[in-house]
Structures are given as structure tokens and as C-alpha cells.
Amino acid sequence: MGIGQLFQFFGILPKFELLKAERQKNGGLFRHYRLAGDGIICSIEEIFSADLLKLRSLRTDSDGKNQ
């Protein structure tokens, strides 16, 4: 079950609190935040790679590999 599904299942609109966000030395991003509401608290850390938003080809060759 996803975190959003958990809150939805219990009918809770969580409060978002950003605890920390920073750019990493390799160009990636890091953030730590909390979702909380009516007895549920989720502490979440996310790390995003530096190439997260780079466009990639969706074309594949005959072997199914990206071109």
C-alpha cells in the first residue's frame, strides 16, 4: 500500500512539513519531510538522481534496447 493510499483509506488529509531539502554534490536532490494526521505520522526521505529530468529516447532497437 502506498503512503497516499494509507491516508486515503483512513479518510485523513495529511499535513505536509518539509524538514530538510538540499542539492547534493553530484547534482541530485535530497528531501526529508513528514506527513501527519489523526494518529498517523510518516517520515519520508527521498533522493533524486542528477539526471532525473533528462529526456530519454523511448525508441528501441530490434533487441528491445533503448536507442
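Each remark here, short or long, concerns the structure printed above.
Conventions adopted
- Residues numbered from 1 in each chain as written.
- Predicted model: local features only at pLDDT ≥ 70, side-chain atom pairs only at ≥ 80, totals over all residues.
- Heavy atoms only, no water.
- Helix = DSSP H or I, 4+ residues; strand = E, 2+ residues; numbered from the N terminus.
- Buried < 20%, exposed > 50% of the residue type's maximum accessible area, 1.4 Å probe, protein only.
- Contact = heavy atoms within 4.5 Å.
- Core = buried A, V, L, I, M, F, W, Y, C linked by side-chain atoms within 4.5 Å.
- Phe/Tyr/Trp six-rings, centres within 6.5 Å; stacked < 30°, edge-to-face > 60°.
- Pairing = 2+ DSSP bridges.
- Axes fitted to C-alpha atoms, helices over the stretch in contact; angles between N-to-C directions.

Concerning the overall build of the protein
At step 1: For the protein, the helix and strand inventory stands at one helix and three strands.
At step 2: Here the protein, with 67 residues, has 16% of them falling under the buried criterion.
At step 3: For the protein, contacts bridging at least 24 residues in sequence account for 21% of all contacts bridging at least 6.

Looking at the nonpolar core
At step 1: Listed in full, the seven residues of the largest apolar core are Phe7, Ile12, Tyr33, Leu35, Ile40, Cys42 and Ile44.
At step 2: Elements with a contribution of two residues or more to this core: β2 (29-37) and β3 (40-48).
At step 3: When residues of this core are assigned to their parent elements, the largest contribution, three residues, is made by β3.
At step 4: Those residues in contact with Ile40 that lie beyond four places of it in its chain are Leu6, Phe7, Phe10, Ile12 and Leu35.

Comments concerning the packing of aromatic side chains
At step 1: Evaluation of the coordinates by the stated rule reveals two aromatic pairs.
At step 2: Measuring from centroid to centroid gives 5.0 Å for Phe9 and Phe10, while their planes differ by 90°, and the two rings are edge-to-face.
At step 3: Taking 5.2 Å as the distance between ring centres and 40° as the angle between the ring planes, the aromatic pair formed by Phe16 and Tyr33 counts as tilted. Remark: Tyr33 occurs in strand β2 and Phe16 occurs in strand β1 (residues 15-23); sequence separation between them is 17 residues.

Description of the pairing of β1
At step 1: Across eight bridges, the pairing between β1 and β2 is antiparallel. Paired with Glu17 across the strands is Arg34, a residue of β2.
At step 2: Counted along the chain from β1 to the antiparallel partner β2, the turn is five residues long, and its residue Gly27 has a positive phi close to 95°.

Describing the environment of Asp38
At step 1: Mapped onto the elements, Asp38 comes out in the loop between β2 and β3.
At step 2: With relative accessibility at 71%, the residue Asp38 sits in the exposed group.
At step 3: Once the C-alpha coordinates of Asp38 and Leu13 are considered, the two residues, 25 residues apart in sequence, prove to be 8.9 Å apart.

Here we look at the sheet that holds β2
At step 1: Taken together, the three strands give an open sheet; going across it, the order is β1-β2-β3, and neighbouring strands pair in antiparallel fashion. Both edges of this open sheet fall to β1 and β3, since each of them pairs with a single strand only. In this sheet, neighbouring strand axes are inclined to one another by 10° on average, regardless of whether the strands run parallel or antiparallel.

Any functional reading would require information that these geometric values do not contain.
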